[in-house]
Amino acid sequence: MRIRAVNLRHVGGLIVVGAACLFVADKIISTQIWTLAETNGRTILVAVLVGAAAYGLSGFLLSAAWLRILRWCGQDKASMKLCFCIYARTQIAKYIPGNIFHFIGRHAMGRRFGFGHTPMVSAAVLEGIGLILAASLLALVGALVWLEPRSGLAPAKFAALGAILLLVPYALVYGLPRLARARRMEVEARRPRDTVTELIPAYLLQISFFLLSGCILWGLALVVGDVSLSALAPTVTAVAAAWVAGFLMPGAAAGIGVREAVLIAALSGTLGEREATLIAVAYRAVTLSGDLFFFALSFPLILPTRRARM
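Owing to the predicted nature of the structure, the values given are computational and were not obtained by experimental measurement. Along each chain, the written sequence defines residue order, and numbers are assigned to residues from 1. For a predicted model such as this one, the threshold for reporting local features is a pLDDT of at least 70, and the threshold for listing and counting side-chain atom pairs is 80 or more; totals across whole chains, interfaces and linings nevertheless cover every residue. Side-chain metrics in this entry use all non-hydrogen atoms of the structure; hydrogen atoms and water are not considered.

## Section: the overall build of the protein chain
Operational definition: What counts as a helix is a DSSP run of H or I of at least four residues, what counts as a strand is a run of E of at least two, and both are numbered from the N terminus. The buried label goes to any residue with under 20% of its type's maximum accessible area, the exposed label to any with over 50%, and the partly exposed label to all in between, with areas taken from a 1.4 Å probe on protein chains only. Per-residue and other accessible areas were derived by the Shrake-Rupley procedure at a 1.4 Å probe size, with only the shown protein chains allowed to occlude residues.
Along the protein chain, the regular secondary structure elements total eleven helices and zero strands. Taken from the N to the C terminus, the helices and strands of the protein chain come in the order α-α-α-α-α-α-α-α-α-α-α. A burial count over the protein chain gives 47% of its 310 residues as buried. Roughly 15600 Å² of accessible area belongs to the protein chain as shown, and the carbon and sulfur atoms make up 67% of that amount.

Pasting the structure below:
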């Protein structure tokens, strides 16, 4: 029964991914984005290359967050250099359908260099939770700030925003350690001080990654359309919401199709349908090129040839 449920969820995810890809393809054809790209194609290309470099370098934020989570889970002697190499060389596997193979590859490569099985499993689960939490926080806060204020709703919006900002640190300090024990990850008992010095900084690094991603998307919007600084909030919100949708969708390789569909739907009202479609396609070029750049950055570094005990 459980296998059947998993299969149905995977099939349902593939159907949604297919529908999202058809939606994006229809928008590309109907809006004829190539006519918009013809007018300033070189500028867009430069923006994509600069954005790809920035996105690739933002991978350091995620690898540094993973290092802190690993240490919190008990892998105290994990080094920054080794964790960066492992993270950079396995992150590209997210483009394999299933959207989980970067976690599997990270685990296999970490075990090769002596990382413990339990800390790595624990870190994978907590990293995924942290990423979802960080992106969801930005999406919710962005929606509260971005949406047009309505009469009588402003106090409620600020109250909701305050509750979110207060509950997230509480969940990190008290909720995640208990969740780890409830899932029998067998992580060492950590004091709140350990969580404050390791887990919360990791979470802040993940938030920084999504903020930078939103700024990259805003930079593309500056090139494609006539936008101002006020468009930064909706672009950050759109990036965060699109990432969550792509990450949680079964079968979506790196969220392909799903994230573009969310970006088009979220930005069309602000930037226009044709501009939003071109920006979504250009942003996929940025993330793909950036992931390849991040992957290549690890190869000049020399990894240890022996399995080290950690």
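## Topic: the side chain of Glu127
Defined as follows: Polar contacts, as counted here, are pairs of nitrogen or oxygen atoms within 3.5 Å of one another; within protein the pair requires one atom able to donate a hydrogen and one able to accept it, and residues that are adjacent in sequence qualify only if both atoms are side-chain atoms.
Residue position: Glu127 is located in helix 6 (residues 117–146). Here Glu127 falls in the buried class, since its relative accessible area comes to 2%. For Glu127, the side chain forms a polar contact with the side chain of Arg106, separated by 2.8 Å.

## Considerations on the packing of helix 4 (residues 80–91) against helix 5 (residues 101–112)
The criterion, for reference: To obtain an axis, a line is fitted to C-alpha atoms, over the contacting stretch when the element is a helix, and the angle between two such axes runs from 0 to 180 degrees between their N-to-C directions. Crossings are sorted by hand: turned counterclockwise from the far helix by less than a right angle, the near helix makes the crossing left-handed, and turned clockwise it makes it right-handed. Pairs of residues are marked as contacts when any of their non-hydrogen atoms sit within 4.5 Å. Three residue categories are used. Nonpolar comprises Ala, Val, Leu, Ile, Met, Phe, Trp, Tyr, Cys and Pro, charged comprises Asp, Glu, Lys and Arg, and polar comprises the others, including Gly.
As a packed pair, helix 4 and helix 5 sit with axes 8 Å apart at the nearest point and diverge in direction by 140°. When you trace helix 4 past helix 5, the crossing you get is right-handed. Contact residues: helix 4 offers Cys85, Ile86, Tyr87, Arg89, Thr90 and Gln91, while helix 5 offers His102, Gly105, Arg106, Met109 and Gly110. Across the contact of helix 4 with helix 5, the residue classes break down as four nonpolar, five polar and two charged.

## A look at the nonpolar core
Just so we agree on the cut-off: Nine residue types can take part in a nonpolar core, namely buried Ala, Val, Leu, Ile, Met, Phe, Trp, Tyr and Cys, and a core is a set of them joined through side-chain atoms within 4.5 Å.
Ranked by size, the top nonpolar core spans 78 residues in total, and within it Trp66, Phe115, Phe210, Leu220, Ile279 and Tyr283 carry the most contacts. It is helix 8 (residues 192–224) that contributes the most residues to this core, 13 residues altogether. What Trp66 contacts, discounting residues up to four positions off in sequence, is Cys83, Ile86, Tyr87, Arg106, Phe115, Met120, Ala123 and Glu127.

## A closer look at the side chain of Ser268
Position of Ser268 relative to the elements: it lies in helix 10 (residues 258–271). A distance of 2.5 Å separates a polar atom in the side chain of Ser268 from the backbone oxygen of Ile264. Look past the residues within four positions of Ser268 in its chain and what remains in contact with it is Glu273 and Ala276.

## Brief notes about the pattern of salt bridges
To keep it simple, the criterion reads: A pair is scored as a salt bridge if a Lys or Arg side-chain nitrogen falls within 4 Å of a carboxyl oxygen belonging to Asp or Glu.
Using the criterion set out here, one finds four salt bridges in the structure. Across the pair Asp291 and Lys94 runs a salt bridge, and its minimum N-O distance is 3.2 Å. Residue Asp291 is located in helix 11 (residues 273–297), and its partner Lys94 is located in the loop between helix 4 and helix 5; the two are separated by 197 residues in the primary sequence. We note that Asp291, like Lys94, is buried. One salt bridge in this structure joins Glu127 and Arg106, with 2.8 Å as the shortest N-O distance. Of the two residues, Glu127 sits in helix 6 while Arg106 sits in helix 5, which places them 21 residues apart along the sequence. Both residues of the pair, Glu127 and Arg106, belong to the buried class.

## Some remarks on the confidence of the model for the protein chain
To be explicit about the condition: A score between 0 and 100, pLDDT records how confident the predictor is in each residue.
Per-residue confidence for the protein chain gives a mean pLDDT of 80, with 77% of residues at or over 70. Put simply, helix 7 (residues 154–182) is where the protein chain has its lowest mean pLDDT, 61, and helix 11 is where it has its highest, 93.

## Here's the deal with the packing of helix 3 (residues 41–72) against helix 11
The criterion, for reference: We call two directions roughly parallel when the angle between them is under 35 degrees, roughly antiparallel when it is over 145, roughly perpendicular when it lies between 65 and 115, and oblique otherwise.
At a minimum axis distance of 7 Å, the contact between helix 3 and helix 11 shows a crossing angle of 45°. Regarding the angle of helix 3 to helix 11, the classification is oblique. The chirality of how helix 3 crosses helix 11 is right-handed. Across the interface between the two elements, Ile44, Val48, Gly51, Ala52, Ala53, Tyr55, Gly56, Leu57, Gly59 and Phe60 from helix 3 touch Leu278, Ala282, Tyr283, Ala285, Val286, Thr287, Ser289, Gly290, Asp291, Phe293, Phe294 and Leu297 from helix 11. Its residues assigned to classes, the contact of helix 3 with helix 11 comprises 15 nonpolar, six polar and one charged.

## Comments concerning a nonpolar patch on the surface
Stated formally: Nonpolar side chains (Val, Leu, Ile, Met, Phe, Trp, Tyr) within 5 Å and like charges within 9 Å form the patches, drawn only from residues with over 30% relative accessible area and no salt bridge.
A surface patch of nonpolar side chains, about 340 Å² in accessible area, is lined by Ile96, Ile100, Phe101 and Ile104. Mapped onto the elements of the fold, Phe101 is located in helix 5.

## As for the packing of aromatic side chains
Our working definition: Stacked, tilted and edge-to-face are the three classes applied to pairs of Phe, Tyr and Trp rings, where Trp contributes its six-membered ring and a pair requires centres within 6.5 Å; stacked means planes under 30 degrees apart, edge-to-face means over 60, and tilted covers the rest. Here, a charge over a ring is recorded when the distance from Lys NZ or Arg CZ to the ring centre is within 6 Å and its angle to the ring normal is within 35 degrees.
This model, assessed by the stated rule, comprises eleven aromatic pairs. Taken together through their ring pairs, the aromatic side chains of Tyr55, Phe103, Phe209, Phe210, Trp243 and Phe247 make up a single cluster. One cation-aromatic arrangement involves Arg106 over Trp66; the distance from NZ or CZ to the ring centre is 5.7 Å. Note that Arg106 overlies the ring of Tyr87, its terminal NZ or CZ placed 3.9 Å from the centroid.

## Comments concerning the state of the cysteines
A disulfide bridge is the covalent bond that connects two cysteines by way of their sulfur atoms. Defined as follows: The rule for a disulfide is simple: a pair of cysteine sulfur atoms within 2.5 Å.
A full pass over the atoms with the stated rule returns zero disulfides. With no disulfide of its own, Cys85 lies closest to Cys83 among cysteine sulfurs, the gap being 9.5 Å. Cys85 gets classed as buried once you look at its relative accessible area, which sits at 0%.

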